[in-house]
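As a plain string of letters, each chain reads:
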Protein chains: 2
Amino acid sequence: MEKKTTIYDIAKKLEITAATVSRALNNNPKISEATRKLVNDTAKEMNYEQNTLALALKSGKSYNVGVIVPRIDSNFFASVIRGIEEELYPKGYHVIICQTHDQEDLEIANINSLLNAQVDGILMSISNAKLETTEHFHKLLNKRVPLIFFDRKKDIPGVSSVTIDDFKGGYDATQHLINQGCKRIAHLSNNREILIFKNRYLGYRQAIIDNGLEFDESLVIETMSKVLEGRKTTKILLAMDNPPDAIFSSSDFTALGAIEEIKEQGLKIPNDISVIGFSNEPFTRFMELSITSVDQSPVEMGRITAQVFLEEVGNGKKIKTQKQVVLTPELIVRKSSLKSEVLSN
Amino acid sequence: MEKKTTIYDIAKKLEITAATVSRALNNNPKISEATRKLVNDTAKEMNYEQNTLALALKSGKSYNVGVIVPRIDSNFFASVIRGIEEELYPKGYHVIICQTHDQEDLEIANINSLLNAQVDGILMSISNAKLETTEHFHKLLNKRVPLIFFDRKKDIPGVSSVTIDDFKGGYDATQHLINQGCKRIAHLSNNREILIFKNRYLGYRQAIIDNGLEFDESLVIETMSKVLEGRKTTKILLAMDNPPDAIFSSSDFTALGAIEEIKEQGLKIPNDISVIGFSNEPFTRFMELSITSVDQSPVEMGRITAQVFLEEVGNGKKIKTQKQVVLTPELIVRKSSLKSEVLSN
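Everything quoted here is computed from the prediction, not taken from an experiment.

Student: Explain the overall build of chain A here, please?
Tutor: Of regular secondary structure, chain A possesses 14 helices and twelve strands. Its C-alpha atoms give chain A a radius of gyration of 27 Å, clearly above 20 Å, the size a compact globule of 345 residues would have. For chain A, the spread of C-alpha atoms along the principal axes amounts to about 90 × 40 × 35 Å. Residues counted as buried form 55% of the 345 residues belonging to chain A. Element-wise, carbon and sulfur atoms account for 50% of the exposed surface of chain A, whose accessible area totals about 14900 Å². Here chain A holds 43 positive side-chain charges and 45 negative ones, and the gap between their average locations is 7 Å.

Written out as structure tokens, the structure reads:
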């Protein structure tokens, strides 16, 4: 970057004092209209800009808010971000986004980058990595930069969060499969140190127990939220002596992989095996064999996350309330789990 | 944010001079090991942090790079960003992302936010809005902040760009439809002030002319890259007295809308109407009726964009080369345009 024009440069050019230039730029009424115009025109001509960063440091506000997500190429996270933007833009805030690719080192680096960029707060969904440390979160808290979790959270005292009732999401999906006549329901889980995945699993298990079915731990496989991983784990399930008659996946992407594998093995969906995903990604609807999934109202989640942030900022430094907002998920039943014979009953 | 600990606070606490604290923190050899440890421990205890931002301002580098895209929820842009990250992270840079939602005011606001965040450069794909001004781009150039366009660009002297050969993309897609026996090919276009859309259109038109078919301007409709817009414009095309036998869309999302509308009207794809999209979004492959599309090697595009940025930064202020990198697109033929009778010929 080239050297910036300062008020001293403008003062020198106009042969007036820097103090006068400063007053003129800040619309001080002591300055005549003519001088103000002259200073402003000269400032423009010399590409002068008020150092917004210096102003930000002084006021303690940059009006930039950082959002950290595991990945941007999921409709779920993109929609949460849209909700955040819809809520924050009218309030004069801007949203800058980082992704962690589920890597702990990137998560830490992202927080540092956003702090260097002087953001007023960080709204984030944590990475899927088995985190060794929460030091980077505490660093934010020590600096009193508001931190709010959405969807993937850790329980950290003082940190508000906005999530859905993942237990209910898992329970409802599993109950629906049982209602459809499924008796041996597998679960494609994910890193259960992350609460959302733990709760989806617990909801799934409870529904099985409540319906008097046998809970078989060997039908639960932990995997990554990727199409290829879904294929791999489904291959393992289908090769079992007593394979499942349904799969409840904690991710639409793994569900898609499961469907690809099931089809390739010549089995029929939903009659041989039913499949349910989680997140209601748009592709689940577009597919010829549309996929049953759990909707998490992501735009709403983003809006509420932003509202919680605005409250925290508005509260000032003295009051610190911790909020835990929990939204209700909605099961969207589609072809991948709806058996026609059951339908016609 | 609470008041930051300064070197003066540390000096006061330890009853030494601020200069000594500064030297200790910067590993000056004049300072004894004992003092250095004492200063560092105290600094840590008091939550002192070297002002990385001040350091950044001094060195002129923040090692943050801004990326601006119209939307993050498209696999194309998400993949370009992945390519940029893959190239920049190993060089110590971090990537922060903003989206414009194809709105000019957000595009301008994003640039200002990123400038305030002191980014070392901006890599961007411009919004689809009918831009009234290019002042915000010139602002960057005046500040000598490297600006590099990818995919959606404007021709601005001094600004490098990385694009694909969109003319060839449009030409190849149309030629393929003609080879399949289509004679009346419609084109769902987009804002042709954006060069990529203009060139896809020109390629389409040239292929029609080169094959001696009639070019009918009424078959070209300008629309937005959204599923619903694809449905609406296709409805218009199908209601024509002489409807098209093929649709080449400049977007996969509009192509998807076109397919939904065609199916709803009870027409067969590809035999009644063939459809081709553009971008090779993953859903085009996942669909039961997979969609023919044009691949733009987005990860490669991101990598090269990052390389061009690194070159510009490396060149220093004196040398300013303008690069225009053009990648070759690849037509991926799938079910939506491949007629079996032609296949068996």
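Student: Help me out: how do you make sense of the interface of chain A and chain B in this one?
Tutor: Frequently, the measure chosen for interface size is the accessible area removed from exposure when the parts meet. Contacts between the two partners involve 46 residues from chain A and, on the opposite side, 46 residues from chain B. Both sides together, the interface formed by chain A and chain B hides about 4300 Å², and carbon and sulfur atoms give 54% of it. Scanning the region where chain A abuts chain B turns up two salt bridges. B:Glu288 serves as the salt-bridge partner of A:Lys263, at 3.0 Å between the closest nitrogen and oxygen. Across the contact surface, chain A and chain B share eleven residue pairs in polar contact (both at pLDDT 80 or more).

Student: I keep staring at empty space enclosed by the protein and nothing clicks. Help me out?
Tutor: To find the voids left in a structure, one rolls a probe of water-molecule size over its atoms. Residues and elements named next belong to chain A. Applying the stated criterion to the full structure yields one cavity of 30 Å³ or more. Here the largest cavity defines a volume of roughly 170 Å³. If you go around the largest cavity, you meet 18 residues; those closest to its centre are Phe 76, Phe 77, Arg 152, Ser 225 and Ser 279. Counting residues per element, the ones that place at least two in the lining of the largest cavity are helix 5 (75-88), helix 9 (195-210) and helix 11 (252-264).

Student: Looking at this structure, how should I read the relation of the copies chain A and chain B?
Tutor: Both copies of the chain are placed relative to one another by a rotation about an axis and a shift along it. Take chain A, turn it by 180 degrees, move it 0.0 Å along the axis, and it overlays chain B with an RMSD of 0.1 Å. On this basis, the relationship between the two copies can be described by a two-fold rotation axis. A shared interface surface links the copies, since 100% of the contact residues of chain A are contact residues in chain B too.

Student: Where do I start with the pairing of strand 8 (residues 246-249) of chain B in this structure?
Tutor: If a strand is regular, its side chains alternate between the two faces of the sheet. Residues and elements named next belong to chain B. Burial of strand 8 is two-sided: the residues Ala 246 and Phe 248 facing one way and the residues Ile 247 and Ser 249 facing the other way are all buried. Pairing geometry for strand 6 (residues 185-189) and strand 8, over four bridges, is parallel. If you follow Ala 186 over to strand 8, its bridge partner there is Ile 247. As paired elements, strand 8 and strand 9 (residues 274-276) share three bridges and run parallel to each other. Bridge assignment links Phe 248 to a residue of strand 9, and that residue is Ile 276. As a crossover connection, the stretch from strand 8 through helix 11 (residues 252-264) into strand 9 is right-handed.

Student: Any chance you could explain the pattern of salt bridges here in plain terms?
Tutor: Oppositely charged side chains may form a pair once their charged atoms are brought near each other. Counting across every chain of the model gives 37 salt bridges over all chains. When the shortest N-O distance is used, the salt bridge between A:Glu261 and A:Arg231 registers 3.3 Å. With A:Glu261 in helix 11 and A:Arg231 in helix 10 (residues 227-238), this pair connects stretches of sequence that are 30 residues apart. As a salt-bridge pair, B:Arg152 and B:Asp102 come within 2.9 Å of each other at their nearest N and O atoms. Of the two residues, B:Arg152 sits in the loop between strand 4 (147-150) and strand 5 (160-164) while B:Asp102 sits in the loop between strand 2 (94-99) and helix 6 (104-116), which places them 50 residues apart along the sequence. Accessibility expressed as a relative area gives 6% for B:Arg152, which makes it buried.

Student: For this particular structure, what's the right way to read the sheet that holds strand 8 (residues 246-249) of chain A?
Tutor: Each strand in a sheet pairs with another by means of backbone hydrogen bonds, the pair being arranged parallel or else antiparallel. Residue and element names in this part refer to chain A. Spatially, four strands are ordered 7-6-8-9 in an open sheet, and the strand pairing comes out parallel. Bordering the open sheet on either side are strand 7 (220-222) and strand 9 (274-276), each of which pairs with just one other strand. Direction aside, neighbouring strands of the sheet carry axes that sit 15 degrees apart on average. Running over the sheet, helix 9 touches strand 6 (185-189), strand 7 and strand 8 and is turned about 170 degrees from strand 6.

Student: Just checking my understanding: could you explain the packing of helix 1 (residues 7-14) of chain B against helix 2 (residues 18-25) of chain B for this structure?
Tutor: Residue and element names in this part refer to chain B. Contact geometry for helix 1 and helix 2: axes closest at 8 Å, N-to-C directions at 110 degrees. Compared by their axis directions, helix 1 and helix 2 come out roughly perpendicular. For helix 1 against helix 2, the interelement crossing comes out right-handed. Residues Ile 7, Tyr 8, Ile 10 and Ala 11 of helix 1 lie in contact with helix 2, whose contacting residues are Ala 18, Val 21, Ser 22 and Leu 25. Across the contact of helix 1 with helix 2, the residue classes break down as seven nonpolar, one polar and no charged.

Student: Just checking my understanding: could you explain helix 7 (residues 135-142) of chain B for this structure?
Tutor: Spacing of three or four residues puts side chains on the same side of an α-helix, whose turn is 3.6 residues. All names here are of chain B. Among all positions of helix 7, only His 136, Phe 137 and Leu 140 are buried. Down the axis, helix 7 shows its buried residues gathered within 105 degrees of arc, on one side only. Buried residues along helix 7 sit against helix 6, strand 3 (122-124) and strand 4. Of the residues flanking the end of helix 7, it is Arg 144, one or two places downstream, whose phi is positive at about 60 degrees.

Student: Help me out: how do you make sense of the sheet that holds strand 8 of chain B in this one?
Tutor: Residue and element names in this part refer to chain B. As summarised here, the arrangement of the four strands in space is 7-6-8-9, forming an open sheet in which the pairing is parallel. Taken across any chain shown, the strands that pair with only one partner, and hence form the sheet edges, are strand 7 (220-222) and strand 9. If you compare each strand with its neighbour and ignore which way they point, the axes differ by 15 degrees on average. Across the sheet, helix 8 (residues 166-179) touches strand 6, strand 8 and strand 9, and the angle it forms with strand 8 is around 165 degrees. With respect to the sheet, helix 10 (residues 227-238) is in contact with strand 6, strand 7 and strand 8, its orientation differing from that of strand 6 by roughly 150 degrees.

Quick notes on the rules
Residues numbered from 1 in each chain as written. Chains lettered and ligands numbered in written order. Predicted model: local features only at pLDDT ≥ 70, side-chain atom pairs only at ≥ 80, totals over all residues. Heavy atoms only, no water. Helix = DSSP H or I, 4+ residues; strand = E, 2+ residues; numbered from the N terminus. Rg over C-alpha atoms; globule rule 2.2 N^0.38 Å. Buried < 20%, exposed > 50% of the residue type's maximum accessible area, 1.4 Å probe, protein only. Areas by Shrake-Rupley, 256 points an atom, 1.4 Å probe, with all protein chains shown as cover. Lys, Arg positive; Asp, Glu negative; His and termini not counted. Charge placed at Lys NZ, Arg CZ, Asp CG, Glu CD. Contact = heavy atoms within 4.5 Å. Buried area = accessible area lost by both parts, 1.4 Å probe. Salt bridge = Lys/Arg side-chain N within 4 Å of Asp/Glu carboxyl O. Polar contact = N/O pair within 3.5 Å; in protein donor to acceptor, adjacent residues only side chain to side chain. 1 Å grid on protein atoms, 1.4 Å probe; cavity = no way out; pocket = protein on both sides within 12 Å on 5 of 7 lines; lining within 4 Å. Points joined across faces, edges and corners; volume = space filled by probe spheres on them. Least-squares fit on C-alpha atoms with pLDDT ≥ 70 in both. Pairing = 2+ DSSP bridges. Right-handed = clockwise from strand over helix to strand, strands pointing away. Axes fitted to C-alpha atoms, helices over the stretch in contact; angles between N-to-C directions. Parallel < 35°, antiparallel > 145°, perpendicular 65-115°, else oblique. Left-handed = near helix turned anticlockwise from the far one by under 90°. Nonpolar A, V, L, I, M, F, W, Y, C, P; charged D, E, K, R; others polar. Arc of directions from axis to C-beta.

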